[in-house]
Amino acid sequence: MSIIVILAPFSLALALLGLAAFWWTLRNDQYEDPQGDASRILIEDPEDRPL
Amino acid sequence: MALTEGEAQTSAGAPPDEGVGGPDLSAYLTETGPGGRRLDLLVSGAHCAACIARIEGELADTPGVASARLNLSTGRLAVGLEPEGDPGRVVRALDRIGYPATPYDPDSARQAQDREGRELAMALAVAGFGAGNAMIFSVPVWAGLFGQELGPATRTFMQWASAGVGAPCAVFAGMVFFRSAWKALRAGRANMDVPISIGVILTLVVSFQETLLMGRDTYFDAAVTLLFLLLIGRWMDHALRRRARSAAADLLALQAPSAVLLAEDGTERMSPLRLVRPGDRLRVRPGERVPVDGVVETGESEIDNALLTGETTPQPVHPGVTCRAGALNLTGLLTLRAEAACEDSTLARIARLVESGAQFRSTYVQLADKAAAIYVPVVHTAAALTFVVAWMLGIPVREAVLRAATVLIVTCPCALGLAVPAVQVAAASRLFRRGVLVKSGAGLERLAEADHVAFDKTGVLTEGRPRLLNADPTDIARAAPLARASSHPLARALAEAAGEGPAATGAIEIAGQGIEARAEAGLMRLGRAAFVGAPLSGNQTELWFRDADGALFRFAFADALRPEAVGLVAALAERGLSASILSGDVEAATLRVAGRVGIPDWRAGLTPQGKVEALDDLKAAGRRVLMVGDGLNDVAALSHAHVSMAPGTALDASQSAADLVYPADHPERIAEAIDTARAARRRAMENFAFAALYNLVAGPAAMLGFVNPFVAALAMSGSSLVVTLNALRLLNGGRR
């Protein structure tokens, strides 16, 4: 049973990591233009121009 | 205030770019830092990866542009300009590659950031995280309820872990509800968020107490799951409103609330409408709308007042004549002197009528609020009774409080909170696929109640533009070359009837009169009766043609009926809705249309106020009226009717006054929208009935103490799922 003491915080930490990732995507305007982001990958551009 | 701001921006604008014409756009720039400025544009026609590459590539090669980023989802283009960059050049570059762009008012561009949506999304994510992870620790406790081995020490450890995860998440995610509830309480009202907040806070407090006292039942996971489910409903509601709002904002921006100002030295400058002052000189090109009321200074033309009055015959204007805001300039270049600022224009007077209508609207109580008004007192009384009765029956206080909290959590308004938003989102997306834009859920509810339809004639039942009445094909062919060379709507209609062919060469258009061309045989003219030397005749819309040898031909035009209109009236009758026509046009034209579509109840020559009075008469007779109209003369009526719809071609003011916007070419979708609205109301009622039934079972069970945390979690998610699935049934109907 004592394994719970390690596993429970570990699973929580993983979930928190996911939550933090979501928070980051939200702060980075990644949901502002879903259609455009889907299309941009199709543009053939010799030099990649991020934001 | 606004004026000084605008002027400051203008004077700080770019130095005039040599060798380029066109209006100055510097009033639309936003300062973004030292030397940097941003221009926000709405681009039409971009919808694929190639468009992005084309637009951003073209702008990257345009001198003076620092950056360009197109948002394909919203069609908005943000352009960063270098200090010497010229915004007009950007717009011309886009025009050249085939993507017409309209500058956005910086004010409305700044509002694009959706702060509320982000807050909701984050609250939803945290609640989801909390619900899932608190449950990890709750499941062993539930297992203990069913006789599995679980010592009190392990159980308390699990409960503390559950509290550690669940409680902070519940507090964070609950802030949305706590704030709204607090605001309502301070205003002396109770909304749905009050029982939610009380339920969540009471549950958390009781659960902490139970954990401290090594009790058996804690509800940390239930509290956060409750919030998670409610936030789904909240978020759907928000997404629906946001989509409708941004679509409406795009329509507004596309119809360019801007004016072209003419400076003393003859240069043109584009300006937001609100900066126009009386005395300013304005330039109105053919095809543009008159921005504010003004007197013609130079130029001759004809203007189309159809959207203002419903009248389809163009009016000739010359220096000295007053043009009203919203009229469409048809043929010649006009210079106007503004007589009123934007706020004092005819438009603004109509807007005030709209406001009074909006006040009437706000008295409408939405279904969900009606349900909350019954639900809130019932549930709170039940919880209080549970505590009092249990305590009087000798049950310990701690147990009695726990039972009262269980009543609150188990009768949670999850099903209620999801019932209406889920239905409205499903109905709105079904209609969206059919081109019908729902601007508010309340509008959908009111549409389901409508039992009478009042139509505007021009642009709704008719096409709102002239069609050639029967004429001899050889006559048409004779006049066609001249007609093709003209941009006047009557000539265009004549050219359309003639089909493809050559246009007259060397034709000269005389604004407000007609068009003439010199052929070998002599002079040919097409235009007003006086222009070609024909006798002045009746009131019909007409065009005269004089052949090179002096023969005269007359062409009569009328506003053509939309072919779907007859079917629409029949479809409405089938659904139990009566119909009438409220038109601002002359009697003869209205009677003709009324006879063709089969509406015996019609009124002609109505002023905007007259339309409102006609609606009031109907309201007094107990009818719930759906008003369908597109013109400025309809705006007041649109906002006074029980519910209103406007075609997509309507003026911005009409579209913002209407509850729903439908595609102008498909009036039959009005009937479809009514079907969907009625189906949505049925679904919402079913959901309410289910939620009531559920509470009738779960409430008493909790009062008697039969509910434990496991049952609560199961019942709560189960009822929410049923309600959502029932709402989703609406989606299937649209995929025909």
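Residues numbered from 1 in each chain as written. Chains lettered and ligands numbered in written order. Predicted model: local features only at pLDDT ≥ 70, side-chain atom pairs only at ≥ 80, totals over all residues. Heavy atoms only, no water.

With that out of the way, let us pick up a nonpolar patch on the surface. All names here are of chain A. Taken together, the side chains of Ile3, Val5, Ile6, Leu7, Phe10, Leu14 and Leu17 present a nonpolar region at the surface, about 750 Å² in accessible area. For Ile3, the position within the fold is in helix H1 (residues 3-27). By relative accessible area, Ile3 is classed as partly exposed at 48%. (Patch = residues over 30% accessible without salt bridge, like charges linked within 9 Å, V, L, I, M, F, W, Y side chains within 5 Å. Areas by Shrake-Rupley, 256 points an atom, 1.4 Å probe, with all protein chains shown as cover. Salt bridge = Lys/Arg side-chain N within 4 Å of Asp/Glu carboxyl O. Helix = DSSP H or I, 4+ residues; strand = E, 2+ residues; numbered from the N terminus. Buried < 20%, exposed > 50% of the residue type's maximum accessible area, 1.4 Å probe, protein only.)

Here the focus is helix H21 (residues 608-620) of chain B. Residues and elements named next belong to chain B. Taking 1.5 Å per residue as the helical rise, H21 with its 13 residues ought to reach 18 Å, and the 19 Å between its terminal C-alpha atoms agrees with that figure. Looking at H21, one finds that the buried residues are Gly610, Lys611, Val612, Ala614, Leu615 and Leu618. Following H21 by one or two positions, Gly622 has its phi on the positive side, about 85 degrees. (Expected span 1.5 Å × (residues − 1).)

The next thing to look at is the pairing of strand E16 (residues 452-455) of chain B. Residues and elements named next belong to chain B. Of the two faces of E16, the one carrying His452 and Ala454 and the one carrying Val453 and Phe455 are both buried. Across 4 bridges, the pairing between E16 and strand E23 (residues 578-582) is parallel. Of the residues in E23, the one forming a bridge with Ala454 is Ser580. Strand direction decides the pairing type here: E16 and strand E25 (residues 625-628), joined by 4 bridges, are parallel. Of the residues in E25, the one forming a bridge with Phe455 is Val628. (Pairing = 2+ DSSP bridges.)

Here Thr458(B) shows up in helix H15 (residues 457-461). Between the alpha carbons of Thr458(B) and Ala560(B) there is a distance of 9.5 Å; along the sequence they are 102 residues apart.

Take the interface of chain A and chain B next. Every contact between the two is made by 25 residues of chain A and, on the other side, 23 residues of chain B. Each partner contributes to the roughly 2100 Å² buried at the junction of chain A and chain B, and carbon and sulfur atoms together form 63% of this total. Broken down residue by residue, the surface that chain A buries against chain B is led by Leu19(A), Glu32(A) and Arg40(A), which jointly contribute 25%. Inspection of the chain A/chain B interface yields 3 salt bridges. Two residues, Arg40(A) and Glu56(B), come together in a salt bridge whose shortest N-O distance is 2.9 Å. Inspection of the region where chain A meets chain B yields 4 residue pairs in polar contact (both at pLDDT 80 or more). (Contact = heavy atoms within 4.5 Å. Buried area = accessible area lost by both parts, 1.4 Å probe. Polar contact = N/O pair within 3.5 Å; in protein donor to acceptor, adjacent residues only side chain to side chain.)

All chains considered together, the criterion is met by 6 aromatic pairs over all chains. Ring centres of Phe22(A) and Tyr31(A) lie 6.0 Å apart, and the angle between their planes is 50 degrees; this geometry places the pair in the tilted category. Classification of Tyr31(A) by relative accessible area gives partly exposed; the value is 47%. The interplanar angle of 70 degrees and the centroid separation of 5.0 Å between the aromatic rings of Phe208(B) and Phe220(B) together place this pair among those described as edge-to-face. Highlighted residues: Phe208(B) in helix H7 (residues 193-212) and Phe220(B) in helix H8 (residues 220-254), separated in sequence by 12 residues. Here Phe208(B) falls in the partly exposed class, since its relative accessible area comes to 30%. Of the residues examined, Phe220(B) reaches a relative accessible area of 0% and is grouped as buried. Counting every residue linked through ring pairs, the aromatic cluster contains Trp160(B), Phe208(B) and Phe220(B). Note that Arg525(B) overlies the ring of Phe531(B), its terminal NZ or CZ placed 4.3 Å from the centroid. (Phe/Tyr/Trp six-rings, centres within 6.5 Å; stacked < 30°, edge-to-face > 60°. Lys NZ or Arg CZ within 6 Å of the ring centre and 35° of its normal.)

With that out of the way, let us pick up the packing of helix H12 (residues 397-410) of chain B against helix H24 (residues 669-703) of chain B. A pair of packed helices can be characterised by two numbers: the angle between their axes and the separation between those axes. Residues and elements named next belong to chain B. Taken N-terminus to C-terminus, the directions of H12 and H24 make an angle of 165 degrees; their axes are 8 Å apart at the nearest point. Relative to H24, the element H12 lies roughly antiparallel. Along this stretch, H12 crosses H24, giving a crossing that reads as right-handed. Listed contacts from H24 to Arg403, Thr406, Val407 and Val410 of H12 are Tyr694, Asn695, Ala698, Gly699, Ala702 and Met703. (Axes fitted to C-alpha atoms, helices over the stretch in contact; angles between N-to-C directions. Parallel < 35°, antiparallel > 145°, perpendicular 65-115°, else oblique. Left-handed = near helix turned anticlockwise from the far one by under 90°.)

All right, on to the nonpolar core then. Residues and elements named next belong to chain B. Among the nonpolar cores identified, the biggest contains 118 residues, and Leu231, Phe455, Leu626, Leu660 and Ile670 are the most heavily contacted of them. In terms of residues, this core owes the most to one element, H24, which gives 13 residues. What Leu626 contacts, discounting residues up to four positions off in sequence, is Leu447, Ala450, His452, Val453, Ala454, Val643, Ser644, Met645, Ile670 and Ile674. Counting residues in each nonpolar core, the second largest holds 25 residues, with Leu39, Cys51, Val90 and Val91 among its members. (Core = buried A, V, L, I, M, F, W, Y, C linked by side-chain atoms within 4.5 Å.)

Residues and elements named next belong to chain B. H24 packs onto helix H14 (residues 441-449) with a crossing angle of 100 degrees between their chain directions and a minimal axis gap of 8 Å. On the basis of their axis angle, the class for H14 and H24 is roughly perpendicular. Contacts between H14 and H24 involve Leu444, Leu447, Ala448 and Glu449 from the first element and Ala673, Ile674, Ala677, Arg678 and Arg681 from the second. Partitioned by chemical class, the residues of the contact of H14 with H24 number 6 nonpolar, no polar and 3 charged. (Nonpolar A, V, L, I, M, F, W, Y, C, P; charged D, E, K, R; others polar.)

The next point concerns unusual backbone geometry. The residue Asp29(A) is not glycine, and still its phi comes out positive at about 60 degrees. Position of Asp29(A) relative to the elements: it lies in the loop between H1 and helix H2 (34-40). We note that Met214(B) has phi near 60 degrees; this positive angle belongs to a residue other than glycine. Relative to the assigned elements, Met214(B) resides in the loop between H7 and H8.

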